[in-house]
Amino acid sequence: MKIDILTIFPEMFDGFKNTSIIKRAIEKEKVIIDIHDIRKYSKDPHKRVDDYGYGGGKGMVLMPQPIFDAVDDLKTENSKVILMTPQGFKYNQKLAYDLTNEKHLILICGHYEGFDERIRTLADMEISIGDYVLTGGELPSMVIADSVVRLLDGVIEKQSHENDSFNNNLLDYPVYTKPLDFRGMKVPEVLTSGHHANIEKFRHEEALKKTKMRRPDLLERDE
Ligand code: ADE
């Protein structure tokens, strides 16, 4: 998979690309992640990428030209262009799995007070990562890239993500490591019993209990 990210803050992605599982996925050539500075595409003599909005109102608006040119430059017949915006489709684990089937994602990070409405025509899809407003689409694009890349074959063990929260509409079951007794809090005995069927049963029950208590809406979902 290839992921191209269009941003006016490319430096925000240095840590993202150079840490942990994402770094390893890039090294193992499971994914190519390229960060593109929108400013580089600006035809303005001062490399401006935003301007005042028509009709007044405060805040600057991202101009269409640099973003249209960037998408023209990067897009192929296999590309899916996704715009990060709080007005988009609410992201979830199912969509993360769906996106693993794409060959090429182009993620556009909106910024400042907004972006010119015509930029929307470039997008195959608009995604919001939740009902809150961030200063820009950079963190959301990292959320999308991270959640998709970890699901790609050979990035982490399949078993680790098959048991994730939200698969089967259940939150994750609890896990424990050493020591067996920490400040009086003991690891449930069944986990050290070696009895696999009982361990499975315990995990399923715990996941169900937690989901009923914290996210009963997940149990009502029909996906
Ligand atoms: N840009 C600002 N807030 C956002 C959000 N919640 N989701 C996606 N893009 C955003």
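Predicted model, so just to flag it, every value in this text is computed and none were measured. Once a new chain begins, its residue numbering starts again from 1 and follows that chain's sequence as written. Under the rules for a predicted model, residues below a pLDDT of 70 receive no local features and side-chain atom pairs below 80 are neither given nor counted, while totals for whole chains, interfaces and linings still include all residues. Side-chain descriptors were evaluated using all non-hydrogen atoms of the structure, hydrogens and water having been removed beforehand.

(A) Expanded view of the pattern of salt bridges. Salt-bridge detection follows one rule: a side-chain nitrogen of Lys or Arg within 4 Å of a carboxyl oxygen of Asp or Glu. Applying the stated criterion to the full structure yields 15 salt bridges. Residue aspartate 181 pairs with lysine 186 through a salt bridge whose shortest N-O separation is 3.6 Å. Burial classification: accessible surface area is computed with a 1.4 Å probe over protein chains only, and a residue below 20% of its type maximum counts as buried, one above 50% as exposed, and the rest as partly exposed. Taking the relative accessible area as the measure of exposure, lysine 186 reaches 59% and is therefore exposed. With its nearest N and O atoms 3.1 Å apart, the salt bridge here joins glutamate 206 to lysine 209. Remark: lysine 209 and glutamate 206 occur in helix α7 (residues 196–214); sequence separation between them is 3 residues, near one turn of the helix. Secondary structure counts use DSSP, requiring at least four H or I residues in a row for a helix and at least two E residues in a row for a strand, with both numbered from the N terminus.

(B) Just the sheet that holds strand β8 (residues 125–128), in detail. For two strands to be treated as a pair, DSSP must find at least two bridges joining them. Strand order in the open sheet formed by 5 strands is β2-β1-β6-β5-β8, with parallel pairing between adjacent strands. The open sheet terminates on both sides in strands that have one partner only, identified here as β2 (32–37) and β8. Direction aside, the axes of adjacent strands within the sheet are offset by 30° on average. Sheet topology note: the strand β5 (residues 79–90)/β8 ladder contains 5 bridges and is parallel. Its bridge partner being in β8, isoleucine 82 is matched across the sheet by methionine 125. Between the N-to-C directions of two axes lies an angle of 0 to 180 degrees, each axis being a line fitted to C-alpha atoms and, for a helix, fitted only over the stretch in contact.

(C) The arrangement of the domain arrangement of the protein in detail. Domain start and end points were adopted from an automatic or database domain assignment. Domain annotation of the protein identifies domain 1 (2–149) and domain 2 (163–220). On a C-alpha basis, the centres of domain 1 and domain 2 stand 36 Å from each other.

(D) Quick look at the site of the ligand. The criterion for a residue being near a molecule or strand is simple. One of its heavy atoms has to lie within 4 Å of it. The ligand sits among Met84, Thr85, Pro86, Ile127, Ser128, Ile129, Gly130, Tyr132, Val133, Leu134, Gly136 and Pro140. For the ligand, a nitrogen atom lies 3.0 Å from a polar atom in the backbone of isoleucine 129. Here tyrosine 132 contributes a backbone N or O atom positioned 2.8 Å from a nitrogen atom of the ligand. Surface burial for the ligand is 96%, taken as the share of its 260 Å² of free accessible area covered by protein chains. Looking at the shell around the ligand, the elements with two or more residues in it are β5 and β8. A total of 3 residues in the shell around the ligand trace back to one element, the largest contributor, which is β5. Counted as a polar contact is a pair of N or O atoms within 3.5 Å, where, for protein atoms, one must be capable of donating a hydrogen and the other of accepting one, and residues adjacent in sequence contribute only when both atoms are in side chains. Reported accessibility uses the Shrake-Rupley method at a 1.4 Å probe radius. Residues are deemed covered only where the shown protein chains occlude them.

(E) Helix α3 (residues 64–74), seen in detail. When α3 is considered as a whole, its buried residues turn out to be Pro66, Ile67, Ala70, Val71 and Leu74. Here the buried residues of α3 occupy an arc of 125° about the axis, which is enough to place them on one side. Exposed and facing more than 90 degrees away from the buried side of α3 are Asp72 and Asp73. Throughout, a residue-residue contact means that at least one pair of heavy atoms, one from each residue, lies within 4.5 Å. Where α3 is buried, its residues touch β1 (2–7), β2, β4 (60–62), β5 and β6 (104–109). As used here, the arc is the angular range of directions from the helix axis to the C-beta atoms.

(F) The pairing of β6, seen in detail. Judged by how many residues are buried, β6 sits mostly within the fold: 6 of 6 residues are covered. Alternating residues of β6 divide into His104, Ile106 and Ile108 and Leu105, Leu107 and Cys109, and every residue in both groups is buried. Where β1 meets β6, 5 bridges bridge the pair, whose relative direction is parallel. Bridge pairing links lysine 2 to histidine 104 in β6. Pairing between β5 and β6: 6 bridges, direction parallel. Each bridged residue has a counterpart across the sheet, and for isoleucine 82 the counterpart in β6 is leucine 107. Of the crossover connections in this fold, the one passing from β5 over helix α4 (residues 93–99) to the parallel β6 is right-handed. When the strands point away from the viewer and the connection leading from the first strand across the helix to the second strand turns clockwise, the crossover is called right-handed.

(G) Spatial organisation of the sheet that holds β4. Ordered by their spatial adjacency, 3 strands build an open sheet running β3-β4-β7, and the pairing between neighbours is mixed. Lying at the two open borders of the sheet, with one neighbouring strand each, are β3 (50–52) and β7 (114–115). Sheet topology note: the β4/β7 ladder contains 2 bridges and is parallel. Note that in β7 the partner of leucine 62 across the bridge is phenylalanine 115.

(H) Molecular detail of unusual backbone geometry. Note the cis peptide between lysine 178 and proline 179, where omega equals 0°. Secondary-structure assignment places proline 179 in the loop between α6 (158–162) and β9 (181–182). One non-glycine residue, asparagine 169, lies in the positive phi region at around 55°. By the element assignment, asparagine 169 lies in the loop between α6 and β9.

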